[in-house]
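Listed below, chain by chain, are the residues.
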Amino acid sequence: MQAQLTPVVIPGPRVGTGPGHGPLGSYERSLGRSRESLTRADRPDVFTMYDREWDLFPEVFAPVYSPSTRVGIEFLNLARPRTRDGGSFLEMGCGTGLTATMALFAGYDRVVASDINRMAVANAAANAERHGVGDRLRTVHGDLFLGLEPEERFDVVFWSSNYVLAPAEYSYRSAHERAYVDPGYHAHRRYLAEAPLRTTSTGRALLHFSDRGDVPALYGMADECGAELRLLATRQVRESEYGDDVVDHLLFEILPRTA
Ligand SMILES: C[S@@+](CC[C@H](N)C(=O)[O-])C[C@H]1O[C@@H](n2cnc3c(N)ncnc32)[C@H](O)[C@@H]1O
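Conventions used here
- Residues numbered from 1 in each chain as written.
- Predicted model: local features only at pLDDT ≥ 70, side-chain atom pairs only at ≥ 80, totals over all residues.
- Pairing = 2+ DSSP bridges.
- Helix = DSSP H or I, 4+ residues; strand = E, 2+ residues; numbered from the N terminus.
- Axes fitted to C-alpha atoms, helices over the stretch in contact; angles between N-to-C directions.
- Contact = placed C-beta atoms within 7 Å.
- Buried ≥ 20, exposed ≤ 12 C-beta atoms within 10 Å, placed from the backbone.
- Arc of directions from axis to C-beta.
- pLDDT = per-residue confidence, 0-100.
- Right-handed = clockwise from strand over helix to strand, strands pointing away.

### Observations regarding the sheet that holds strand 9 (residues 199-210)
Here seven strands make up an open sheet; going across it, the order is 5-4-3-6-9-11-10 and the pairing mixed. The outermost strands of the open sheet, each flanked by one partner alone, are strand 5 (137-141) and strand 10 (227-239). On average, each strand axis in the sheet is inclined to that of its neighbour by 20 degrees, with strand direction left out of account. By the bridge criterion, five bridges tie strand 9 to strand 11 (residues 245-256) in an arrangement that is antiparallel. Across the sheet, residue Leu207 finds its bridge partner in strand 11, namely Phe252. Strands strand 9, strand 10 and strand 11 of the sheet are contacted by helix 6 (residues 215-224), whose axis makes an angle of about 160 degrees with strand 10.

### Re helix 6
Where helix 6 is concerned, the buried positions are Val215, Leu218 and Ala222. Considered in projection along helix 6, the buried side chains sweep an arc of 55 degrees and stay on one side of the axis. Tucked inside the fold, the buried residues of helix 6 contact helix 5 (186-194), strand 9, strand 10 and strand 11. One or two steps after helix 6, the chain reaches Gly226, where phi turns positive at roughly 75 degrees.

### Focus on the confidence of the model for the chain
Mean pLDDT over the chain: 92, with 91% of residues reaching 70 or higher. Here residues 6-21 scores under 50 on pLDDT; set against residues more than four positions off or in separate chains, the count is 27 contacts.

### Overview of the pairing of strand 3 (residues 88-92)
Across a regular strand the side chains alternate sides, sitting on one face of the sheet and then on the other. When you tally the buried positions in strand 3, you get five out of five residues, the bulk of the element. Neither face of strand 3 is exposed, since Ser88, Leu90 and Met92 on one face and Phe89 and Glu91 on the opposite face are all buried. Of the strand pairs in this sheet, strand 3 and strand 4 (residues 110-115) are connected by five bridges, and their pairing is parallel. When the sheet's bridge partners are listed, Glu91 is paired in strand 4 with Ala113. Handedness of the crossover joining strand 3 and strand 4 through helix 3 (residues 98-106) is recorded here as right-handed. Two elements, strand 3 and strand 6 (residues 154-160), share four bridges in a ladder whose sense is parallel. Residue Leu90 lies in a different strand from strand 6, and its bridge partner there is Val157.

Have a look at this one:
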C-alpha cells in the first residue's frame, strides 16, 4: 500500500546550499535551541495540537517549539482521521509519539514508535494511552532499527531526523540533544542504508530533512550506500521561535539505486 503523499513543491528551494550557508546550519546554534527548549520556564508538561492534549515528558523533543512535527504530519497527510484503510507505519525517532498516534487515527492499523531516548519511548506510550489507542501502538527502545525484530517490515518507514551535522567527535550532553544534531551523520548514514530494507515490497522509506542539514552530504552518503534520494515534497517555513530563520523542510524517499 502506497503512502498518500501530496508533494508541496515551492519554486526555487535552496536545496544544495549545505551547512556553509551561515548560521542556519550551525550545530552550536542548534544545541542552543535544544538547551532553550529543554530548560525554558514555560516548557509545558501538556500541550495542545490538532485539538488534542499531549503529554510532554522531560528530555523529549517539544513539538511546540519547532514546526517540524507539524510539517512531518502534513507531509504524510496524517492530520485528517480515517484517510487510510490499514497498513503499517514505523515512526523512527518518535519523540512524544504524536505522529505515530496520528498515524493510527489516520487509519494505519499497525504502528510502531521507536526512539533511542527512553523518555521518548515512555512519552509515546503515555500519549497513545491518553488517546485510547495504547493497545494499538507498540513502542520500542533502540538505536535506529536495533530494537525491532529482524523480519519486521512496514508500508511506511519515517524519520523526522536530527538533521543538523555536528562534528564527528561531538559527545551528547543530554538525551534531548539527540533530537537536534547527528555527530558525523553516523545515524543518517545507517538510516539511508537500512530504512529501505525495512519496507514491504510496495512500501516507502522516508526521511524528513531540512536545509539546516547538509543536503549535498546526504546525497553523497546515499550514493555510497547504493541508494537514491527522491525529493517528494518541500515546505518553506519561517521559524521564529529562536531568531528568524527561513527553513526549507524536505521530504525524501530513499530508493535502492537502479542500474
Ligand atoms: C527532531 S526529533 C523528532 C521527534 C518526533 N518525531 C517529532 O516529530 O516530534 C528526532 C528524534 O529522533 C530521535 N533519534 C535520534 N537519534 C536516533 C537514533 N539513532 N535512533 C532512534 N532515534 C533517534 C531523537 O531522540 C528524537 O526523538
